[in-house]
Amino acid sequence: MKNTLLKMAMSLLLILFFSCKKDSDKEEKEIPVKNSVAEHYNISILLDLSDRISLEKNANPTMEYYQRDLGYIKSVSEAFTEHLKSKRIRQMNDKMQLFFNPEPKDPEINSIAENLKITIDKNNASKEFLNSITKNYASSTSKIYQSAIKDNNYIGSDIWSFFDNKIQDQCIDKKYRNILIILTDGYMFYDNTVIKEGNRTSYITPELIRKNGLNTVDWEKKLHDQDFGFIKTNDNLYNLEVLVVGINPSKSNPYEEKVIRTYWSKWFTEMKIKHFEIKNADLPSNMDKIIKDFILEK
């Protein structure tokens with residue numbers, strides 16, 4: 001009798017063990033695993049070549065702002081290369097490009113930018129090509145900034161118009177993970193794109209913030225109640241991720257940075273951009289990990 005009960009107990013334990021194992025296996029199979037390595041990246045860099053990079057108007061003894069930009073670009077190109085090296089050659093089909101808006105009048109700058117539009121796939125991928133990307137971007141973008149500074153003809157920053165007219169065609173591909181890196185101090189202004197609709201504008205300047213009374217302790221309530229902000233240009237940018245780097249608010253208004261961040265955040269949210277970050281003009285060594293984490297997040 002005891003042997004019979006013992007056998008029954010062991011049989012029951014075996015049944016329970018294999019039943020639990022099957023359920024566990026089923027749960028493991030149902031957990032979705034994101035294969036980020038196989039993703040195709042489409043990275044765009046939008047440069048603000050306004051007077052924010054002027055060595056006279058915005059000199060910085062610690063590190064000039066154009067030099068910070070070059071450091072940020074280096075981090076972007078390194079992240080792009082790291083992503084490529086994590087894939088097999090047959091998996092590669094990735095893009096990186098650089099834009100300005102408006103385009104500089106110097107044809108040499110535009111020519112350099114055109115050469116920085118690269119596509120890497122199984123047909124042209126090589127160890128030499130991958131290792132040359134960061135060096136090529138560093139030297140070419142350095143020439144762009146040096147030329148712009150030497151020219152000393154800063155025509156402004158028309159980022160709003162870029163989102164209105166060019167973003168869909170130039171920065172978004174349905175088959176890719178689309179990432180836009182914007183290097184700017186957070187202000188926007190271009191003479192040919194000055195639009196105002198109620199309290200919404202296509203631009204933001206220190207003068208506008210001061211004029212609208214957003215330089216006092218109740219700035220947030222006023223901004224919300226009176227609907228200050230950028231004019232919305234799109235409402236379907238759900239397939240775009242944006243990292244803004246270089247925010248450099250005027251020191252004359254203690255609330256300036258918060259106002260700038262709120263303008264940009266409100267704009268991105270209204271355009272259905274689900275993933276975005278807005279960062280200050282910190283030293284490149286401090287921004288390196290932040291930039292790479294944004295691009296390489298798994």
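Keep in mind the model is a prediction, meaning the values are calculated, not measured.

J.: An account of helix α2 (residues 65–85) is requested, with residue identities and associated values reported.
T.: Given a rise of 1.5 Å per residue, 21 residues ought to cover 30 Å, and the 30 Å separating the end C-alpha atoms of α2 matches this to within 8%. Of all 21 residues that make up α2, 16 are buried, and the element is covered over most of its length.

J.: How would you explain the packing of aromatic side chains if you had to name every residue and give the values?
T.: Counted by the stated rule, this structure contains 12 aromatic pairs. Seen from their ring centres, Tyr 66 and Tyr 145 are 6.3 Å apart, and the 35° between their planes marks the pair as tilted. Taken together, the positions of Tyr 66 in helix α2 and Tyr 145 in helix α4 (residues 127–151) put the pair 79 residues apart, joining distant regions of the chain. Tyr 66 gets classed as buried once you look at its relative accessible area, which sits at 16%. The exposure class of Tyr 145 is buried, given its relative accessible area of 0%. A ring pair is formed by Phe 230 and Trp 267, whose centres lie 5.1 Å apart and whose planes are at 55°; its orientation type is tilted. On the criterion of sequence distance, the pair formed by Phe 230 in strand β7 (residues 229–230) and Trp 267 in helix α9 (residues 256–270) is long-range, its members being 37 residues apart. Here Phe 230 matches Trp 267 in class, with each residue buried. Through a chain of ring-to-ring contacts, the aromatic side chains of Phe 163, Phe 230, Tyr 263, Trp 264, Trp 267, Phe 268 and Phe 276 assemble into a single cluster.

J.: Give me the lowdown on the nonpolar core, citing residues and values where you can.
T.: Judged by nonpolar contacts, the single largest core of 45 residues is most densely connected at Leu 47 and Ile 295. Considering each element in turn, this core owes the most residues, 9 residues, to α2. Not counting residues within four places of it along the chain, the set of residues in contact with Leu 47 comprises Ile 73, Leu 98, Phe 99, Phe 100, Asn 101, Ile 144, Tyr 145 and Leu 183. By size, the runner-up hydrophobic cluster in this structure holds 37 residues, among which are Phe 162, Trp 219, Ile 260 and Trp 264.

J.: Give a description of the pairing of strand β9 (residues 275–280) that names residues and reports values.
T.: For strand β8 (residues 240–247) and β9, the ladder comprises 6 bridges, and the chain directions are parallel. Of the residues in β9, the one forming a bridge with Val 245 is Lys 279. Read from β8 through α9 to β9, the crossover connection turns out right-handed.

J.: I'd like a description of the pattern of salt bridges, backed by residues and values.
T.: When charged atoms on two side chains of opposite charge get close, those side chains can pair. Taken as a whole, this structure holds 18 salt bridges when the rule is applied. Between Glu 114 and Lys 117 there is a salt bridge, and its shortest N-O distance comes to 3.7 Å. With a relative accessible area of 48%, Glu 114 lands in the partly exposed category. On the basis of relative accessibility, which here comes to 38%, the residue Lys 117 falls in the partly exposed class. Close ionic contact of Glu 270 with Arg 200 constitutes a salt bridge, the shortest N to O distance being 2.8 Å. Here Glu 270 is found in helix α9, whereas its partner Arg 200 is found in strand β6 (residues 200–201), with 70 residues between them in sequence. Linked through salt bridges whose partners overlap, the residues forming this network are Lys 74, Glu 78, Asp 288 and Lys 292.

J.: Describe the environment of Lys 251, with residues and values.
T.: Mapped onto the elements, Lys 251 comes out in the loop between β8 and α9. With relative accessibility at 71%, the residue Lys 251 sits in the exposed group. Among the polar contacts made by the side chain of Lys 251, one reaches the main-chain carbonyl oxygen of Pro 249 at a distance of 3.4 Å.

J.: Could you give me a rundown of the sheet that holds strand β1 (residues 41–47), with the residues and numbers involved?
T.: As summarised here, the arrangement of the 6 strands in space is β3-β2-β1-β4-β8-β9, forming an open sheet in which the pairing is mixed. If you trace the sheet from one side to the other, it starts and ends with β3 (118–121) and β9, each paired once. Taken pair by pair, the neighbouring strands of this sheet meet at an average axis angle of 10°, ignoring direction. Pairing geometry for β1 and strand β4 (residues 177–183), over 7 bridges, is parallel. Directly across from Asn 42, in β4, lies its bridge partner Asn 178.

J.: Which residues make up the confidence of the model for the protein chain, and what values go with them?
T.: Scored by pLDDT, the protein chain has a mean of 89; 87% of the residues are at 70 or more. When the criterion is pLDDT under 50, residues 4–9 qualifies, and its contacts beyond four places in sequence or with other chains add up to 0 contacts.

J.: Tell me about the pairing of β8, and name the residues and values.
T.: Most of β8 is tucked away, with 8 of its 8 residues classed as buried. Here β4 pairs with β8 via 6 bridges, running parallel. Residue pairing for β8: Leu 180 is matched across the bridge by Val 242.

Conventions and cut-offs
Residues numbered from 1 in each chain as written. Predicted model: local features only at pLDDT ≥ 70, side-chain atom pairs only at ≥ 80, totals over all residues. Heavy atoms only, no water. Helix = DSSP H or I, 4+ residues; strand = E, 2+ residues; numbered from the N terminus. Expected span 1.5 Å × (residues − 1). Buried < 20%, exposed > 50% of the residue type's maximum accessible area, 1.4 Å probe, protein only. Phe/Tyr/Trp six-rings, centres within 6.5 Å; stacked < 30°, edge-to-face > 60°. Core = buried A, V, L, I, M, F, W, Y, C linked by side-chain atoms within 4.5 Å. Contact = heavy atoms within 4.5 Å. Pairing = 2+ DSSP bridges. Right-handed = clockwise from strand over helix to strand, strands pointing away. Salt bridge = Lys/Arg side-chain N within 4 Å of Asp/Glu carboxyl O. Polar contact = N/O pair within 3.5 Å; in protein donor to acceptor, adjacent residues only side chain to side chain. Axes fitted to C-alpha atoms, helices over the stretch in contact; angles between N-to-C directions. pLDDT = per-residue confidence, 0-100.

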